[in-house]
Amino acid sequence: MKHTEVNFEQFPRHVREHLVPTYEGDVVYECIGCAATYHLNQFLYTCPACKSLLRLHDRKFDELKKIDGATWRDIFDYRLMLRLEPLKGIFLFKEILFPSIPLQDIIYLGEGHTPLVRSNAALSGLVGMEFFVKNDGLNPSASFKDRGMASAISFINYSIRKRNIKELLGICASTGDTSAAAALYLSYLDKNIVRSVVLLPKGKVTPQQLAQPLGSGATVIEVPGVFDDCMRIVEQLAERYQVCLLNSKNPIRIMGQKSYAFEVAQQLGYDTKDLTVVVPVGNAGNVTAIMEGFLDLYRLSIIAHLPQIVAVQSRHANPVAAWRASGRYEPMTVQSSVAQAAMIGDPVSFPKVKKLVEEYFNQQFFAVDLSEQEVIEGMLEANRRGHVVCTQGGESIAGLAKAVKLGIVAKDRTVVVDSTSHQLKFSNFQQMYFENSFPAEYQITAKPELVNKPVQLEASADAIAGYLKLKEK
Ligand SMILES: *Cc1c(COP(=O)(O)O)cnc(C)c1O
Ligand SMILES: [Zn+2]
């Protein structure tokens, strides 16, 4: 038997015929403003009629309700045992993720199914309750952006075949991780057809995040300004030229990022009754996807409750927290932040967040904001206690601590904190802390007890034993 062949006999009868998905749905772009729909045989990011954002909508979604929630849970759980590559990653949930992409076109680079790690006593004590960290830094390019890029690039791969595209330029603006993910996934495709270009705000991504798209062979263009400036430029390019925009403004990205919600539900046995999900917010694509994902599960009775959502931002880039506090949304000019990947003053997906909150999440959606000092120390304190989190993960953890203190999150809830990328991408901020060398605008002063530096000693056992005050056996 070939390693990909399925022995259906080993699976319970009620899931057999559903294990390998055949459902294709009827997926279209749908405008969140005027509800116009558009065929998927084009790359679209905003509604040609009214300029609002688009989402992907499966017009046959209700057909999925013919299968009950319990059966869906079994299908997704038993599907984990299959050895079919296209279903190994985010497309495990294909019927509700992107049903119209044929299995043969799915690109799988190892994304998704990241671990939930329980906080130990030391970290729980610091935060005020026990929680789980879902470590999305363990994705191929070391951030959750790979989830959205896997769906976007699979769609591109499918479009190239279906529409016989001979030439395609993938482009994105980035706070670092989008470009790393886009460059990685694009580099997997045929170079004779696909070119890859990323636009970065000069000096505003970490050295590791700059190294990633360079290593993947992308054309890396650095421009002065911040992310919001880069975003404006790629929006103009996408409007005027034949390019495929790979930012989360592209609803095809959001589709893949819903997998985070599906996995959290699955990892918790689909029990979301007392669930809280804490997520750092920048361009607001991720929090949109997470809410949409839980909503899909809820509609199919795969889960019985929508979770509480806690969005976390640094005060240096907090338009969503300010909106939640005042009821008014205003784009803002950002200041330097160690949560650099979320340093965005005018989140593109804000209209989607607003709509989801107003229509479904209401009083279950909260936002908190933090000082830069709290964000970086959230990371340092977690890392010292056995948890690998980036500055945005630290932001989530410090945000949870604040939400517990404010009484937003009750201590008996099940909490999942999103650590969105890998700690190593942000080691420059750790170094700045350890050297107490942050520029004034960060308003961060190192606490001596959190600083750690290498010790220089001569190369002798005696010197090292003396330094460590070791006792002889
Ligand atoms: C992109 C990113 C964010 C912000 O996500 P949005 O979808 O832009 O809100 C947070 N953390 C990391 C590490 C990121 O790369
Ligand atoms: Zn419209």
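What counts and what doesn't
- Residues numbered from 1 in each chain as written.
- Chains lettered and ligands numbered in written order.
- Predicted model: local features only at pLDDT ≥ 70, side-chain atom pairs only at ≥ 80, totals over all residues.
- Heavy atoms only, no water.
- Helix = DSSP H or I, 4+ residues; strand = E, 2+ residues; numbered from the N terminus.
- Rg over C-alpha atoms; globule rule 2.2 N^0.38 Å.
- Buried < 20%, exposed > 50% of the residue type's maximum accessible area, 1.4 Å probe, protein only.
- Contact = heavy atoms within 4.5 Å.
- Areas by Shrake-Rupley, 256 points an atom, 1.4 Å probe, with all protein chains shown as cover.
- Salt bridge = Lys/Arg side-chain N within 4 Å of Asp/Glu carboxyl O.
- Core = buried A, V, L, I, M, F, W, Y, C linked by side-chain atoms within 4.5 Å.
- Near = heavy atom within 4 Å.
- Polar contact = N/O pair within 3.5 Å; in protein donor to acceptor, adjacent residues only side chain to side chain.
- Nonpolar A, V, L, I, M, F, W, Y, C, P; charged D, E, K, R; others polar.
- Donors = N, O, S within 2.8 Å, 3.2 Å for Na, K, Ca; no water.
- Tetrahedral: all angles 85-135°; square planar, octahedral: opposite > 155°, others 65-115°.
- Pairing = 2+ DSSP bridges.
- Axes fitted to C-alpha atoms, helices over the stretch in contact; angles between N-to-C directions.

S.K.: Sorry, what's going on with the overall build of the chain here?
M.R.: Scanning the chain from N- to C-terminus turns up 17 helices and 13 strands. The C-alpha atoms of the chain give a radius of gyration of 23 Å, which matches the 23 Å a tight globule of 473 residues would have. Considered along the principal axes of its C-alpha atoms, the chain spans approximately 70 × 50 × 50 Å. Here the chain holds 473 residues, and 57% of them are scored as buried. Residue pairs at least 24 apart in sequence account for 73% of intrachain contacts in the chain once pairs closer than 6 positions are excluded. Carbon and sulfur atoms provide 50% of the accessible area of the chain, an area that totals close to 20100 Å².

S.K.: Just checking my understanding: could you explain the pattern of salt bridges for this structure?
M.R.: As a working rule, side chains carrying opposite charge can pair if their charged atoms are close by. Taken as a whole and assessed by the stated rule, the structure comprises 21 salt bridges. Across the pair Asp136 and Arg147 runs a salt bridge, and its minimum N-O distance is 2.8 Å. With a gap of 11 residues between them, Asp136 in the loop between β5 (132–135) and α5 (145–163) and Arg147 in helix α5 connect regions that are remote in the sequence. In this structure, Asp136 and Arg147 share a single accessibility class: buried. One salt bridge in this structure joins Lys355 and Glu359, with 3.2 Å as the shortest N-O distance. Here Glu359 and Lys355 lie together in helix α13 (residues 350–361), a separation of 4 residues that amounts to about one turn. Taking relative accessible area as the criterion, Lys355 reaches 32% and is therefore assigned partly exposed.

S.K.: Got a minute to help me understand the nonpolar core in this structure?
M.R.: Core analysis: the biggest nonpolar cluster contains 112 residues, and Phe98, Ile153, Ile156, Leu246, Phe294 and Phe365 have the highest contact counts within it. If sequence neighbours within four positions are ignored, Phe294 has contacts with Ala261, Val264, Ala265, Thr272, Leu275, Val277, Ile303, Leu306 and Pro307.

S.K.: For this particular structure, what's the right way to read the site of ligand 1?
M.R.: Neighbouring ligand 1 are 13 residues, the closest being Lys145, Asp177, Asn283, Asn286 and Thr420. In this structure, an oxygen atom belonging to ligand 1 sits 2.7 Å away from a main-chain N or O atom of Asn286. Of the residues contributing to the shell around ligand 1, the split by class is 4 nonpolar, 7 polar and 2 charged.

S.K.: What is the right way to look at the coordination of the zinc ion (ligand 2) in this model?
M.R.: Around the zinc ion (ligand 2), the protein contributes the donor atoms Cys31 (SG), Cys34 (SG), Cys47 (SG) and Cys50 (SG), which lie 2.3 to 2.4 Å from the metal centre. Seen from the zinc ion (ligand 2), its 4 donor atoms lie at angles of 96 to 117°, and the figure they make is tetrahedral. Judged by relative accessible area, which is 0%, Cys47 ranks as buried.

S.K.: What is the right way to read the sheet that holds strand β7 (residues 194–201) from this model?
M.R.: Whenever strands of a sheet pair, they do so through backbone hydrogen bonds, lying parallel or antiparallel. Spatial ordering of the open sheet is given by β8-β7-β6-β9, a layout of 4 strands whose pairing is parallel. Of all the strands in the sheet, the pair left with one neighbour each is β8 (219–223) and β9 (244–245). Relative to β8, β7 is paired through 5 bridges, and the arrangement is parallel. Paired with Val197 across the two strands is Thr219, which belongs to β8. Here helix α7 (residues 207–215) sits on the sheet in contact with β7 and β8, set at roughly 145° to β8. Against the sheet, helix α8 (residues 227–240) makes contact with β6 (168–173), β7, β8 and β9, and its axis sits at roughly 155° relative to β6, the strand it touches most.

S.K.: Any chance you could explain the sheet that holds strand β1 (residues 27–31) here in plain terms?
M.R.: Read from one edge to the other, the open sheet built from 3 strands follows the order β2-β1-β3, with strand pairing classed as antiparallel. Across the chains shown, the open sheet's two edge strands, defined by having one partner strand only, are β2 (37–38) and β3 (54–58). One ladder, built from 5 bridges, connects β1 with β3; its direction is antiparallel. Looking at β3, one finds that Val27 is bridged to Asp58.

S.K.: Whenever I open this one, the environment of Thr37 confuses me. Can you help?
M.R.: Its place among the elements puts Thr37 in strand β2. You can call Thr37 partly exposed: its relative accessible area is 35%. Along the chain, Thr37 and Met432 lie 395 residues apart, while their C-alpha atoms are 49 Å from each other. Aside from chain neighbours lying at most four places away, what touches Thr37 is Val28, Tyr29, Glu30 and Arg59.

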